[in-house]
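# A structural walkthrough
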Amino acid sequence: TDVELHEVLRLERPGIHNVIGKTTLEETAALMRRCRVVVANDSGPMHLASAVGAPVIALFGPTDPREKFPLNAGSSYFWKPDGLACCPCYRDGRFPPCLIDVECLRRIGVQEVMESVELKLRLDSVEEGSVNRRNPPLPRRVEESDRGR
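A brief structural summary.

Scoring rules and cut-offs
Residues numbered from 1 in each chain as written. Predicted model: local features only at pLDDT ≥ 70, side-chain atom pairs only at ≥ 80, totals over all residues. Heavy atoms only, no water. Salt bridge = Lys/Arg side-chain N within 4 Å of Asp/Glu carboxyl O. Helix = DSSP H or I, 4+ residues; strand = E, 2+ residues; numbered from the N terminus. Polar contact = N/O pair within 3.5 Å; in protein donor to acceptor, adjacent residues only side chain to side chain. Contact = heavy atoms within 4.5 Å. Core = buried A, V, L, I, M, F, W, Y, C linked by side-chain atoms within 4.5 Å. Buried < 20%, exposed > 50% of the residue type's maximum accessible area, 1.4 Å probe, protein only. Phe/Tyr/Trp six-rings, centres within 6.5 Å; stacked < 30°, edge-to-face > 60°. Pairing = 2+ DSSP bridges. Axes fitted to C-alpha atoms, helices over the stretch in contact; angles between N-to-C directions. Right-handed = clockwise from strand over helix to strand, strands pointing away.

Applying the stated criterion to the full structure yields five salt bridges. Aspartate 64 is the partner of arginine 66 in a salt bridge, and the nearest nitrogen-oxygen pair spans 2.7 Å.

What follows is the structure in structure tokens.
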């Protein structure tokens, strides 16, 4: 689950905060606007991050990134459909039952995504110095609800 994944990442990478299920749509947008990079699958949050100008590293499997890719500069994606006759399987607004355990997504490795994140963060630091100029103050409710986590 997302909560379990957060616990693993939190131990490996200090500074990661769990806000799963703790924010409104507006607060989520405000948090994403502050991010130097957002990693997301093809979903509403991926498009929200793009809409607020956050660089996105998108993970595609059943959908075709050529149709759904975030449009903002600085974004990239992973998609590994090679050799999968079923990919992309998302058609006409539907996902058919997957007979191969979502192999299209399982092909995307955690290490390669992390390397992409680290590269983006290094490039961002070089371009802007060590200051992220897109960081307006957080909404107060988020600051208080996430303090000490």
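From this point, things continue past the structure.
Turning our eyes to something else, we now look at the side chain of serine 50. You can see serine 50 is positioned in helix 3 (residues 44–51). A distance of 2.9 Å separates polar atoms of two side chains, one belonging to serine 50 and the other to asparagine 72. In this view, serine 50 contacts Val56, Pro70, Leu71 and Asn72; residues no more than four positions away in its chain are not counted.

Here we come to the nonpolar core. Val38, Met46 and Ala49 are the most contacted members of the largest nonpolar core, which has 15 residues in total. No other element matches helix 3, which puts three residues into this core. Beyond its immediate stretch of four places on either side in the chain, methionine 46 contacts Ala40, Asn41, Val56, Ala58, Phe60, Lys68 and Pro70.

With that out of the way, let us pick up the packing of aromatic side chains. The final tally for this structure, using the stated rule, is three aromatic pairs. Arranged with centres 4.9 Å apart and planes meeting at 65°, the rings of phenylalanine 69 and tyrosine 77 form a pair that is edge-to-face. According to the relative accessible area criterion, phenylalanine 69 is partly exposed, its value standing at 23%. On the numbers, 4.6 Å between centres and 50° between planes, the contact of tyrosine 90 with phenylalanine 95 is tilted. Judged by its relative accessible area of 52%, phenylalanine 95 falls in the exposed class. The rings of Phe60, Phe69 and Tyr77 are connected pair by pair, giving a single aromatic cluster.

With parallel pairing, three strands are arranged side by side in an open sheet as 1-2-3. Two strands bound the open sheet, and with one partner strand each, they are strand 1 (38–41) and strand 3 (76–78). Between one strand axis and the next, the sheet turns by 20° as a mean value, whatever way the strands run. In this sheet, strand 2 (residues 56–59) lies alongside strand 1 in parallel orientation, the contact comprising four bridges.

What follows concerns the pairing of strand 1. A one-sided burial pattern is seen for strand 1, the buried positions being Val38 and Ala40 and the unburied ones Val39 and Asn41. Read as a crossover between parallel neighbours, the route from strand 1 over helix 3 to strand 2 is right-handed.

Attention shifts here to the pairing of strand 2. The pairing of strand 2 with strand 3 spans three bridges and is parallel. Opposite leucine 59, over in strand 3, you have phenylalanine 78 as the bridge partner.

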